[in-house]
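Coordinates in review
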Amino acid sequence: LSEEGFADMSYGQSVSQAVQEFEERLLHPRLARVLGDDPGDPLFAGYDLITREWRGDIRPLLSVYLYNVEPAPSRSPVGQDDIRTLRRLLVARIHAYVERVDRFVSQLEAAAESKIAWLRLILGIALLLTLALVVLTMRNVRSDVVRPLRDLLLIAERARRGDFSARVRHTGEDELGRLGHAFNVMAEDLSKIYADLESRVRGKTADLERRNRSLELLYHTITQLTSRPASDAAYTVLLKRIEGVLGLGPSILCIAEGAQGGAHQFATTARRDQAGTFLCSETTCADC
């Protein structure tokens, strides 16, 4: 709008191009989308004010000014005083308008910085929540997966070595808990089966030992009775050996001497009970 531009034929075109570029930026749809359409928003109110002022005041003045300063052979020239007056009015209005635009831009920058600050705060909170979620997940994995698996492996190793007394501690409602419960039931059943087998083995072993002792006793008895004459000492030794093998005692051996003969007794303890009565008759073995 300086006076040096009056003699330049491209002055009007340059100003028109600048006005068009400013208007395109001012009325750009992206800016309208950012500001929204809430009348109570200060940014929307400021933007509405500068757009209405541009359309209703600044733009018409610029059109009048460009119309008068642009040379055209079809219209009569305007006086220089009128152009200067119009220029001073336009410059004053533009300066005031530029200040309002600057204030709006400052408000827009402040709003953008506030949104960026909120965005940073939200991102920071989201990061902290993510870290907390990761830590909580790792802790849950350690307590609900790693430890139960480690415990299950240790119990399985003990069961492999034949120790069925250990039990899995984690028996919840999840998959590992149900697996631990099933393993405990299996260990209990195997423990009962092994205990029953061990009992049977012990019984069979004791039975075999008794049979061996009985055969050995029978062998020694026959050998002793057939290899030398029978005597009281021999019968007493045999009686004590029988007591040791059968786990009985004390005992009395009564031998009948013929159909009409008397009874011959051998005892590893007294022949009388606590009342003094003979346990066996001295004449017959039928009373023993």
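The structure this text deals with has already been given above.
Everything in this summary refers to the structure shown in the same document. (Residues numbered from 1 in each chain as written. Predicted model: local features only at pLDDT ≥ 70, side-chain atom pairs only at ≥ 80, totals over all residues. Heavy atoms only, no water.)

1. A short note on the overall build of the protein
What counts, and what does not: Think of it this way: any DSSP run of H or I at least four residues long counts as a helix, any run of E at least two long counts as a strand, and we number them from the N terminus. For every residue, the accessible area obtained with a 1.4 Å probe (protein chains only) is divided by the maximum for its type, and the residue is called buried under 20%, exposed over 50%, and partly exposed between those limits. Throughout, a residue-residue contact means that at least one pair of heavy atoms, one from each residue, lies within 4.5 Å.
The helix and strand tally for the protein stands at six helices and two strands. Put simply, the protein runs from its N terminus to its C terminus through helices and strands in the order α-α-α-α-α-α-β-β. The buried share among the 288 residues of the protein stands at 20%. Sequence separation of at least 24 residues holds for 46% of the intrachain contacts in the protein that already meet a minimum separation of 6.

2. Describing the nonpolar core
Note the following rule: Each nonpolar core is a collection of buried residues, namely Ala, Val, Leu, Ile, Met, Phe, Trp, Tyr and Cys, held together in the definition by side-chain atoms within 4.5 Å.
Counting residues in each nonpolar core, the largest one holds 21 residues, and the members touching the most others are Tyr47, Ile50, Trp54 and Tyr97. Of all elements in the fold, only helix H1 (11-26), helix H2 (29-35), helix H3 (42-69) and helix H4 (80-160) reach the threshold of two or more residues within this core. Considering each element in turn, this core owes the most residues, nine residues, to H3. The contacts of Ile50, once residues within four sequence positions are left out, are Leu26, Tyr97, Arg100, Val101 and Phe104.

3. Looking at a positive patch on the surface
This is how it is decided: Only residues whose relative accessible area exceeds 30% and that form no salt bridge are eligible for patches; like-charged ones are grouped when within 9 Å, while nonpolar side chains (Val, Leu, Ile, Met, Phe, Trp, Tyr) are grouped when within 5 Å. Areas reported here follow the Shrake-Rupley algorithm with a probe of radius 1.4 Å; residue values treat only the protein chains shown as occluding. A carboxyl oxygen of Asp or Glu within 4 Å of a side-chain nitrogen of Lys or Arg is what we treat as a salt bridge. Charge counting treats Lys and Arg as positive and Asp and Glu as negative, with His and both chain ends excluded. The atom standing in for a charge is NZ when the residue is Lys, CZ when it is Arg, CG when it is Asp and CD when it is Glu.
The grouping of Arg139, Arg142, Arg147 and Arg150 at the surface amounts to a positive patch. Here Arg142 lies in helix H4.

4. Quick notes on the packing of aromatic side chains
The condition that has to hold: In summary, the pairing rule links any two rings of Phe, Tyr or Trp, Trp by its six-membered ring, whose centres are within 6.5 Å, and it sorts them by plane angle into stacked for under 30 degrees, edge-to-face for over 60 and tilted for everything else.
Going through the model one piece at a time under the given rule, you end up with four aromatic pairs. Between the aromatic rings of Tyr47 and Phe104, the centroid separation amounts to 5.9 Å while the plane-to-plane angle is 35 degrees, which identifies the pairing as tilted. Here Tyr47 is found in helix H3, whereas its partner Phe104 is found in helix H4, with 57 residues between them in sequence. On the accessibility criterion, Tyr47 (10% relative accessible area) is buried. Grouping aromatic residues by their ring pairs yields a cluster made of Phe22, Trp54 and Tyr97.

5. Examining empty space enclosed by the protein
This is how the line gets drawn: Cavities and pockets were defined on a 1 Å grid built from protein atoms only: a cavity is a group of points that admits a 1.4 Å probe but offers it no way out, a pocket is an open group of points flanked by protein on both sides within 12 Å along at least five of seven lines, and a lining residue is one with an atom within 4 Å of any such point. Grid points are joined across faces, edges and corners, and a volume is the space filled by probe spheres set on the points.
Here the structure, examined in full by the defined rule, presents one cavity of 30 Å³ or more. Size it by volume and the largest cavity reaches roughly 40 Å³. Lining the largest cavity are Pro148, Leu149, Leu152, Val168, His170, Leu176 and Gly180. Those elements that place two or more of their residues in the lining of the largest cavity are H4 and helix H5 (175-227).

6. Brief notes about the pattern of salt bridges
A complete count under the given rule lists eleven salt bridges for this structure. With its nearest N and O atoms 2.8 Å apart, the salt bridge here joins Arg52 to Asp48. Taken as a pair, Arg52 and Asp48 lie in helix H3 at a separation of four residues, close to a single helical turn. As a salt-bridge pair, Asp57 and Arg93 come within 1.3 Å of each other at their nearest N and O atoms. Pair noted here: Asp57 is in helix H3 and Arg93 is in helix H4, with a separation of 36 residues, a long-range link. When salt bridges with common partners are traced through the structure, they connect Glu157, Arg160 and Arg161 into a single cluster.

7. Some details on the packing of H5 against helix H6 (residues 232-246)
Selection rule: Working convention: axes come from line fits to C-alpha atoms, limited for helices to the stretch in contact. Angles between N-to-C directions cover 0 to 180 degrees. Here the word oblique covers every angle except those under 35 degrees (roughly parallel), over 145 (roughly antiparallel) and from 65 to 115 (roughly perpendicular).
Running from N to C, H5 and H6 point in directions that differ by 175 degrees, and their axes come no closer than 10 Å. When the axes of H5 and H6 are compared, the pair comes out roughly antiparallel. Packed against H5, whose contacting residues are Arg213, Ser214, Leu217, His220, Thr221, Gln224 and Leu225, the element H6 presents Ala234, Tyr235, Val237, Leu238, Arg241, Ile242 and Val245 at the interface.

8. Focus on H6
Quick note on the threshold: What a helix should span is 1.5 Å times the count of its residues minus one.
The terminal C-alpha atoms of H6 lie 21 Å apart, and with 15 residues this matches the ideal 21 Å at 1.5 Å per residue to within 8%. For H6, every residue scored as buried is listed here: Ala234, Leu238, Leu239, Glu243 and Val245.

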